[in-house]
Amino acid sequence: MTDEQIGAVTVLGAGTMGRGIAGAVALAGYEVTMRDIDHEILETGYRAIEDTLSRLDGAEPVDTVIDRIDTTVELDASCARTDLVIEAAPEDLEIKRTVFSELEAAAPADAILASNTSTLRITDIAAAVERPDRVVGLHFFNPPLKMDLVEVVAGDRSAPAVVDTATAFVRSLEKTPILVETDVPGFVVNNVLGPYMHEAATRVSTDSATIEGIDAAMVHDGGYPMGPFELTDLIGLDVVYHRSTTAGDSIPSIVSEKLDAGELGRKSGVGFYRYDDGDGPTYTPDDAASFDPIELEAVLVNEAATLIDRDVADAETIDEGLRIGGGFPVGPCRRGDEIGLDRVVDVLEERLERTGDDRYEPADTVRDFAAAGVGFYD
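Residues numbered from 1 in each chain as written. Predicted model: local features only at pLDDT ≥ 70, side-chain atom pairs only at ≥ 80, totals over all residues. Heavy atoms only, no water.

**Student:** Got a minute to help me understand the side chain of T232 in this structure?
**Tutor:** Within the secondary structure, T232 is located in helix α10 (residues 228-235). In this structure T232 comes out as buried when scored by relative accessible area, which is 6%. In terms of polar contacts, T232 uses its side chain to reach the backbone carbonyl oxygen of P228, at 2.7 Å. For T232, the contacting residues outside a window of four places in its chain are M197, L237, V240 and F272. (Helix = DSSP H or I, 4+ residues; strand = E, 2+ residues; numbered from the N terminus. Buried < 20%, exposed > 50% of the residue type's maximum accessible area, 1.4 Å probe, protein only. Polar contact = N/O pair within 3.5 Å; in protein donor to acceptor, adjacent residues only side chain to side chain. Contact = heavy atoms within 4.5 Å.)

**Student:** Just to check I follow, could you spell out the sheet that holds strand β5 (residues 112-115) for this structure?
**Tutor:** Pairing between the strands of a sheet is mediated by backbone hydrogen bonds and can be parallel or antiparallel. A sheet is described by the order of its strands in space; here eight strands give the open sequence β3-β2-β1-β4-β5-β6-β7-β8, paired in mixed fashion. On the outer flanks of this sheet lie β3 (69-72) and β8 (176-180), each paired with one strand and no other. Strand-to-strand twist across the sheet, computed as the mean angle between neighbouring axes with direction ignored, equals 25°. In terms of strand pairing, β5 meets strand β6 (residues 135-140) through three bridges, oriented parallel. Residue pairing in the sheet places A114 in a bridge with V136 of β6. The sheet strands contacting helix α1 (residues 16-27) are β1 (8-12), β2 (31-35), β3, β4 (84-87) and β6, and the helix crosses β2 at an angle near 170°. (Pairing = 2+ DSSP bridges. Axes fitted to C-alpha atoms, helices over the stretch in contact; angles between N-to-C directions.)

**Student:** What am I meant to see in the packing of helix α8 (residues 189-205) against helix α12 (residues 253-260) here?
**Tutor:** The axes of two packed helices give the description: the angle between them and the distance between them. Two elements in contact, α8 and α12, have axes whose closest approach is 7 Å; the angle formed by their N-to-C orientations is 95°. By the angle between their axes, α8 is roughly perpendicular relative to α12. Contacts between α8 and α12 involve A201, V204 and S205 from the first element and S253, I254 and V255 from the second. (Parallel < 35°, antiparallel > 145°, perpendicular 65-115°, else oblique.)

**Student:** Could you clarify how one ought to interpret α10 in this entry?
**Tutor:** Two residues of an α-helix separated by three or four positions point the same way, owing to the 3.6 residues in each turn. Within α10, six of the eight residues are buried, which leaves the element mostly enclosed by the surrounding structure. Taken together, the buried positions of α10 are P228, F229, E230, L231, T232 and D233. Residues of α10 that are buried make contact with α8, α9 (211-221), α11 (237-247) and α13 (294-309). After α10 finishes, the residue G236 shows a positive phi value of roughly 115°.

**Student:** When you look at a nonpolar patch on the surface in this model, what are you seeing that I'm missing?
**Tutor:** On the surface, a cluster of nonpolar side chains totalling about 230 Å² of accessible area is made up of L234, I235 and V239. Inspection of the secondary structure assignment puts L234 in helix α10. (Patch = residues over 30% accessible without salt bridge, like charges linked within 9 Å, V, L, I, M, F, W, Y side chains within 5 Å. Areas by Shrake-Rupley, 256 points an atom, 1.4 Å probe, with all protein chains shown as cover. Salt bridge = Lys/Arg side-chain N within 4 Å of Asp/Glu carboxyl O.)

**Student:** Sorry if this is basic, but what is going on with the pairing of β5 here?
**Tutor:** On a regular strand, one side chain projects to one face of the sheet and the next to the other, so that they alternate. With burial as the criterion, each face of β5 is covered, one bearing I112 and A114 and the other bearing L113 and S115. As defined by bridge partners, β4 adjoins β5 across four bridges and the pair is classed as parallel. Within β5, the residue paired with V85 across the bridge is L113. Traced from β4 through helix α5 (residues 93-106) to β5, the parallel crossover comes out right-handed. (Right-handed = clockwise from strand over helix to strand, strands pointing away.)

Following this line, the structure appears as structure tokens:
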């Protein structure tokens, strides 16, 4: 199947991600069926799509786009004539396996089955079906109607033709696909962003830096669109916590305290900054003097190199993902070349010696390139 043969798309889930994906697919001209288990959730999701579309500067009238979306609570009806199913169920492996098991029986035999998971391995989800070759990952970023990046994830048994078709489909949405070649939890962007935010929280938890100092340094000295704490508030501390526990990371004390207090970021009105009765981030350019961005950038570079070592993606793909999906001024590999990989190794080894934490162990690629006096792009 090629993207030209995809005429009908099914989205399972009408929550934040499901309805966003359904809207993005309809905006690209596809007929979409959005399915959820509850009529009220479907109605709320449908109206939310309509509201979001009304605030976009689209070439087509909102009514024309929204008319391409049907809703149903019946799985069989949603999948009867579909060419591609995109699952956006809760981020729980057993739930997703149950959905895919039911989905395989309901969807046509030649339909592609995709998951929008952001933390789970596609291979583990595909274990629930008899034909894992037609299962692929399509990880959209929030909000899907506005975010340009989609990670296309090849499971261990995904057919190359299915991956190619999924990639072409993403391009037909006028979005940018990046290929995740080895199926690891968190894929590319989250595997770099997660440790970045974790490291920042660790530094504050150990009293070696302040929230405002780190955010100010990364924005005003590093040129990033927002600091790691501001970014965590945007994503949600609960989401970041889920990623950390899935990855087996320890939870910094400052994060645990916020979670216990129900302070989840923008969604709850309070996170690392106040949004309910405040203006959000409170850092100023003067705060930047207290922290050196390289302390976090070394971690970013090392995480990118680890993905290269594991054959997850190459330097250009990683950099493209972080520029588009993370808003970085340059990708971590390019930034590593600018800093100098010998300097990156020095920073990591100093932290390793000070803490004894092996997550600071320089990746093979970083060590080898630094020793050879070359960079990712040299």
